[in-house]
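So you can see what is in the structure, the chains are spelled out below.
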Amino acid sequence: MGRLDGKVALITGGARGQGAEEGRLFAAEGARVVLTDVRDEEGEAAARRIGEAAIYLHHDVRDEDEWEGVVQRVVDRHGRVDVLVNNAGIYRRRDLLDLPLAEYMQIIEINQVGVFLGLKVVARAMRDGGGGAIVNISSTAGMRGAAGAIAYGASKWAVRGMTKAAARELGPLGIRVNSIHPGPIDTEMLVDGGIADRRAELAAAAPLRRIGEAADVARLALFLASDESAHCTGAEFVIDGGSLA
Ligand code: NAD
């Protein structure tokens, strides 16, 4: 028996990193998985690696029409959506005093507006299907200040806040909403964000003396996606090797 047997899971930002690993683990636990992303080649390859249980769809999380289209295709194909992982995100370092508004807004649109749209559009489908579980990927930057990343921090605090508001509103519909707050995780995001050369320093700062792996977060997302977390909603789950302790 898989821990997600019979469930249909939509994972945004699923082409690589944590989203791809969540797709792999969820499928291994019995789910049918829909990976979405804007990196189409990597997304197709990630779905192929998983096999028959997975498909890939192009999907820019900033676009409401694309959300509607993706959810419709999932419902047409599988009849329902049981799990949403709002995982897509970007991280860029830039000091507050030098941050152009356009760059601030780009991060807010992907990391914050993307999560809002996912909550809205997918929760409608979950309501019609009788319930579901939504996992929002925030960050430790949504728990404390993030120097050099004010837009990222703002977006991740917003994800934490939206999680709680949505949990209150959607609980009576049988929809649970929780947030995950990873510390540094060893994915391409560290490279894109210009902090890959700080891996050793970040590891040394954590009580467990390492940075996280995508698989660490995927196992927590699996718990929150599954019925094992049936009484958890509106809650924040930190996974950071003890850095915030
Ligand atoms: P990643 O860069 O490997 O994956 C992020 C994915 O999101 C990419 O595949 C990217 O193409 C996709 N994406 C970006 N913009 C998109 C858009 N507009 N529409 C759809 N998809 C889009 O990084 P990751 O570490 O796997 O990140 C996953 C999540 O974890 C993100 O929300 C990130 O903010 C969060 N997080 C990461 C870390 C870390 O250290 N890696 C720490 C805390 C939180």
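The rules we used
Residues numbered from 1 in each chain as written. Predicted model: local features only at pLDDT ≥ 70, side-chain atom pairs only at ≥ 80, totals over all residues. Heavy atoms only, no water. Pairing = 2+ DSSP bridges. Helix = DSSP H or I, 4+ residues; strand = E, 2+ residues; numbered from the N terminus. Axes fitted to C-alpha atoms, helices over the stretch in contact; angles between N-to-C directions. Buried < 20%, exposed > 50% of the residue type's maximum accessible area, 1.4 Å probe, protein only. Right-handed = clockwise from strand over helix to strand, strands pointing away. Near = heavy atom within 4 Å. Polar contact = N/O pair within 3.5 Å; in protein donor to acceptor, adjacent residues only side chain to side chain. Areas by Shrake-Rupley, 256 points an atom, 1.4 Å probe, with all protein chains shown as cover.

J.: Explain the sheet that holds strand S5 (residues 132-137) to me, please; I cannot follow it from the model alone.
T.: Backbone-to-backbone hydrogen bonds join strands into a sheet, with any given pair of strands oriented parallel or antiparallel. In spatial order, the strands read S3-S2-S1-S4-S5-S6-S7; together these 7 strands make up an open sheet with parallel pairing. Looking along the sheet, the strands with just one partner apiece sit at the ends: strand S3 (54-58) and strand S7 (236-239). Taken pair by pair, the neighbouring strands of this sheet meet at an average axis angle of 20°, ignoring direction.

J.: Just to check I follow, could you spell out the pairing of strand S2 (residues 32-37) for this structure?
T.: For a regular strand, side-chain orientation follows a simple rule: the groups alternate between the two sheet faces. Summarising burial for S2: 5 of the 6 residues are buried, a large majority. By the bridge criterion, 5 bridges tie strand S1 (residues 8-12) to S2 in an arrangement that is parallel. The residue of S2 that forms the bridge with Leu10 is Val34. Chirality of the crossover, the property in question, places the unit of S1, helix H1 (residues 17-28) and S2 among those that are right-handed. Relative to S3, S2 runs parallel, the two being bridged by 5 bridges. For Val33, the partnering residue across the bridge sits in S3 and is Ala54. Note that the unit made of S2, helix H2 (residues 40-50) and S3 has a crossover that is right-handed.

J.: Help me out: how do you make sense of the site of the ligand in this one?
T.: Near the ligand lie 28 residues; those nearest to it are Arg16, Asp37, Asn87, Tyr152 and Thr187. A distance of 3.0 Å is found between an oxygen atom of the ligand and a side-chain nitrogen or oxygen belonging to Lys156. Considered on its own, the ligand offers 830 Å² of accessible surface; in the complex 96% of this is hidden by protein. Where the shell around the ligand is concerned, the elements lending two or more residues are H1, helix H5 (150-170) and helix H6 (188-192).

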